[in-house]
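# Structure at a glance
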Amino acid sequence: MTFKMVVENPGFLTTVQDLGRYGYQQFGMPVAGAMDDYALQAANLLVGNPRGEAGLEITYSGFSTRFEGRGRVAVTGADLGAKLNGRPLEPWQSVVVEDGDMIVFTAVKKGCRAYMALEGGVSVPEVMGSKSTYIKAEIGGYNGRKLVKGDVLESGDKGHINFEGSIRVPDEFLPQYSGDVNVRLVMGPQDDCFPPEEIEKFLNSKYAVTNQCDRMGYRLEGPAIKHSSGPDIISDGIALGAIQVPGHGRPIIMMRDRQTTGGYTKIANVISVDIPLLAQLKPGDRVSFTRVSVEEAQALFREREELLKRLEDYLRSKDKFFNYCVKIRDREFRISVQRLL
Amino acid sequence: MCQNARYFPAGDSALIMELGNEISPAINSRIREIAYMLENENIKGIVETVPTYRSIMVVYDPMLLDYSSLIERLKYLESQRGKTDIPPAMVTEIPTVYGGEYGPDIEFVASHNGVTVEDVVQIHCSTNYLIYMLGFTPGFPYLGGMSERIAAPRLEVPRERITAGSVGIAGKQTGIYPINSPGGWRIIGRTPLKLFDPGRKEPVLLKAGNYIRFVPVEVEEFKRIEAEVEESRYCARTYPLEEGEDDDF
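Heads up: these notes are all about the structure in this document. Since this is a predicted model, take the numbers as computed values, not measurements. (Residues numbered from 1 in each chain as written. Chains lettered and ligands numbered in written order. Predicted model: local features only at pLDDT ≥ 70, side-chain atom pairs only at ≥ 80, totals over all residues. Heavy atoms only, no water.)

## Thoughts on the overall build of chain B
The cut-off we apply is this: Going along the chain from the N terminus, every DSSP run of H or I of four or more residues is numbered as a helix, and every run of E of two or more is numbered as a strand. This radius of gyration counts C-alpha atoms alone. The globule rule is 2.2 Å times how many residues there are, raised to the power 0.38. Remark: exposure states derive from per-residue accessible area (1.4 Å probe, protein chains only) relative to the maximum for the residue type, with buried under 20%, exposed over 50%, and partly exposed in between. For this analysis, residues touch if any pair of their heavy atoms sits within 4.5 Å. The Shrake-Rupley method, run with a 1.4 Å probe, gives the accessible areas here. Residue values count only the displayed protein chains as cover. In summary, the charge assignment counts Lys and Arg as positive and Asp and Glu as negative, without counting His or the chain termini. Throughout, a charge is located at the NZ atom of Lys, the CZ atom of Arg, the CG atom of Asp or the CD atom of Glu.
The helix and strand tally for chain B stands at five helices and 14 strands. The C-alpha radius of gyration computed for chain B amounts to 20 Å, which stays within 12% of the reference 18 Å derived for 249 residues, consistent with globular compactness. The dimensions of chain B, computed from C-alpha atoms along their principal axes, are 55 × 40 × 35 Å. Looking at the 249 residues of chain B, the share that counts as buried comes to 55%. The contacts of chain B with a sequence gap of at least 6 include a subset with a gap of at least 24, amounting to 65%. When the accessible surface of chain B is split by element, carbon and sulfur atoms take 48% of a total near 11600 Å². If the 25 positive side-chain charges of chain B are averaged to one point and the 36 negative ones to another, these points end up 3 Å apart.

## A look at the interface of chain B and chain A
Note: interface size is frequently given as the accessible area lost on complex formation between the parts. Test applied: Throughout, the accessible surface (probe 1.4 Å) given up by two parts as they are put together, summed over both, is called the buried area. Here, a salt bridge means any side-chain nitrogen of Lys or Arg that lies within 4 Å of a carboxyl oxygen of Asp or Glu.
Facing the 42 residues of chain B at the interface are 39 residues of chain A. Note on chain B versus chain A: buried area summed over both sides is about 3200 Å², and carbon and sulfur give 64% of it. Among the residues chain B hides against chain A, the three largest losses belong to Asp12, Glu48 and Met63 of chain B. Together they make up 18% of the total. Across the contact surface, chain B and chain A share one salt bridge. For the side of chain B that touches chain A, the element with the highest residue contribution is strand E3 (residues 46–51) of chain B, accounting for five residues.

## Points about the sheet that holds strand E2 (residues 13–17) of chain A
Residues and elements named next belong to chain A. So the rule is basically this: Two strands pair if DSSP finds at least two bridges between them. Only the contacting stretch of a helix is used when fitting its axis, a line to C-alpha atoms as for every element, and angles between N-to-C directions run 0 to 180 degrees.
Within the open sheet, the five strands sit side by side as E2-E3-E10-E5-E8. Their pairing is antiparallel. The strands lining the two open edges of the sheet, one partner per strand, are E2 and strand E8 (93–97). Across the sheet, the axes of successive neighbouring strands diverge by a mean angle of 25 degrees, strand direction being ignored. Sheet topology note: the strand E3 (residues 55–59)/strand E10 (residues 110–118) ladder contains four bridges and is antiparallel. Its bridge partner lying in E10, Ile58 is registered against Ala114. Helix H1 (residues 37–46) contacts E2, E3, strand E5 (71–79), E8 and E10 of the sheet and is inclined by roughly 155 degrees relative to E5.

Here you go:
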């Protein structure tokens, strides 16, 4: 069975995203994909989808949608004050919506990007192997663009696990979003273009996210980093999380919609597991950096992959929690019930 | 020229294999050779590669490959250079209407260089252009080898919309716009070929390391090809680059 969602208000920016479009960077096609890939994967698991299925990336506030038919949805990522029929919707939890139900995102409380997964996925065609929207080339997602009022998205109907009740991501798996983050990075590929004292300055400073921050990248404000000899290189590839330092010396972190190649020196690269923390930063938020080795970064990557597998096993196991709403003398209580062996 | 590659991390899921520090056909042909070997080697864990002027970015999955073992594999490939038969680079013909409404700036390019419009066309279409890399927008080729005799400055005020397929000149560079976009290049012609078509089996027509050659066509021919491209019936003409043909750089 599929169900539909009708966009009543698209909010600031809402797009369909999966884990990205790989295999075409050599042709100049950006990867795109969910900015907070951890939150998207968790949302999918909560509704029984494969981790890499597409969901909605909802940025800032204002998005609202009405459902036609009955189905399971889950909202993860930022706390954007989501309400289901006027009542607070618990984040990082699956919920069954009925025909006519409304979900409205009312406020930016913590982070700035929420993810909504639909049971069975989002039924949009894959373009070049991915459902991710890349707005500049008008491809992927829903007709290659951000959602607008009146758009109707249908859920997919295959490849997911059906289950009863509602499940929630246990606390141990919840990320700690903050407006003041320290992210880890691997130095290079062009850190040799900076004198040691400038690298120390970079690692010991706090930077503020400017208004120029979007899916392509974040321009930062803070101490300028000087180059040993010139800011330009002959163009080479740009990986996710690369930190470019152009002539003015202020770093730019390259995110999901980054161009594939560029000619600015890259001092370092934010490690994969810390990208979700960056994804939730807003203008004015602050970021600082800690250096780690490639080996440490890869060990952390494998740790997170194991965490996601544990979460997957947990959510698919029979010991999950069932949440109920109980009314006693007009007062509502939420209770979680776990099936024990 | 035969210095060993240098390796740099680009985070935990990519590395840069740097083959030189200049824009030269020799470095580009080494990159093409290694890219070809990598494609054939099919190393488990390599997600994709991004060849550029002087380097290859190798994107990989740290669950399947770690940094130092990947470098070992790449160093081994380097040591095998010259032992594999690399097929010759291919030349793709780009049918192009020059001038008129399709190339509004061709008169400027001619007068700027003190030559005739016919000279511009003749000079522009008499060279094989090396595709150093693709980027900027999906399918945009960075080309080398244009004659300075038709070089021209960019527009002072960029146009808001340049039609996909437009062929332009900026400084000593020439290029083709793959999608409708704003741009400041001097437009001298247009090709009916689609450099980028997400619905096609091979969405991008060109590949780094290969060459293109502009072939002048009349408007009728342009329209005929355009219709065939629209119906996915047109197959761009390609042929191997002959030995020594790229020696004029």
